[in-house]
Amino acid sequence: MQVDVLLERPAAENRVADRVRQNTPAQINHRIDEAMMKRIWEYARKSPAEITSRIEQLDREWDLERVLETGAAALSLSGVALTLARSRFWLLLPAGVLASLLQHSLTRRSTAVQFIRALGVRTRREIDVEKYAMRMLRGDFDKLQAVSEETHRAIEAFRLSRA
């Protein structure tokens, strides 16, 4: 199963590409997508209360950026502390971390990101895809079928204005 349809918009609608997914090896993206689809299939058979619990878990899940920033801060502070306690050699640690953060911010490609992705950490967008799938399973959007013609026209006008 692939969820590229859920994660990728048509080229005409893509204003900002998901560079993290683009720069992650296909087998890692596939493994993350498969795990997400498996969870969605499992929750399709569960009660709305269980789905609500999963949505709350997704709200608390750390995304790639948060894991990367927390790790970078911890390593940098450790390097500074080791510099004060041991030797100036340890200044290489925060320097390396900052170089990796700079590379990530410019390209969304870095060794740290590849390592974190290999651990199965997802981007915020990937987490949100599962969250909205859960909300659909719970029935949050069922009432949208009864949307009035005026609302539909307003939404369509807004969508077209963004094109």
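Residues numbered from 1 in each chain as written. Predicted model: local features only at pLDDT ≥ 70, side-chain atom pairs only at ≥ 80, totals over all residues. Heavy atoms only, no water.

Caption draft 1: Focus on the pattern of salt bridges. Evaluation of the coordinates by the stated rule reveals twelve salt bridges. Between E126 and R21 there is a salt bridge, with the nearest N and O atoms lying 2.5 Å from each other. Taken together, the residues span a long stretch of sequence, with E126 in helix α8 (residues 124-138) and R21 in helix α2 (residues 19-22) at a distance of 105 residues. E126 sits in the buried class, given a relative accessible area of 0%. Each of R39, R54, E61, R122 and E130 takes part in one network of salt bridges that share partners. (Salt bridge = Lys/Arg side-chain N within 4 Å of Asp/Glu carboxyl O. Helix = DSSP H or I, 4+ residues; strand = E, 2+ residues; numbered from the N terminus. Buried < 20%, exposed > 50% of the residue type's maximum accessible area, 1.4 Å probe, protein only.)

Caption draft 2: Fine view of the nonpolar core. In terms of nonpolar packing, the biggest core is built from eleven residues, these being M36, M37, I40, Y43, I51, I55, L58, I127, V129, A133 and M134. By size, the runner-up hydrophobic cluster in this structure holds six residues, among which are L64, L68, V113 and V121. (Core = buried A, V, L, I, M, F, W, Y, C linked by side-chain atoms within 4.5 Å.)

Caption draft 3: A look at the packing of helix α5 (residues 64-85) against helix α6 (residues 92-107). Direction vectors running N to C along α5 and α6 enclose 155 degrees, while the axes themselves pass 8 Å from each other. Looking at the two axes, α5 sits roughly antiparallel to α6. Judged by the sense of rotation from one axis to the other, the crossing of α5 with α6 is left-handed. Contacts between α5 and α6 involve L64, E65, L68, A72, L75, S76, S78, G79 and V80 from the first element and L93, P94, V97, L101 and H104 from the second. Of the residues contributing to the contact of α5 with α6, the split by class is nine nonpolar, four polar and one charged. (Axes fitted to C-alpha atoms, helices over the stretch in contact; angles between N-to-C directions. Parallel < 35°, antiparallel > 145°, perpendicular 65-115°, else oblique. Left-handed = near helix turned anticlockwise from the far one by under 90°. Contact = heavy atoms within 4.5 Å. Nonpolar A, V, L, I, M, F, W, Y, C, P; charged D, E, K, R; others polar.)

Caption draft 4: Quick peek at a nonpolar patch on the surface. Where nonpolar side chains cluster on the molecular surface, the patch consists of F89, W90 and L92 and spans about 330 Å² of accessible area. By secondary structure assignment, the location of W90 is in the loop between α5 and α6. (Patch = residues over 30% accessible without salt bridge, like charges linked within 9 Å, V, L, I, M, F, W, Y side chains within 5 Å. Areas by Shrake-Rupley, 256 points an atom, 1.4 Å probe, with all protein chains shown as cover.)

Caption draft 5: Here's a closer look at the environment of A133. Within the secondary structure layout, A133 lies in helix α8. Sequence separation between A133 and Y43 is 90 residues, and the spatial gap between their C-alpha atoms is 9.8 Å.

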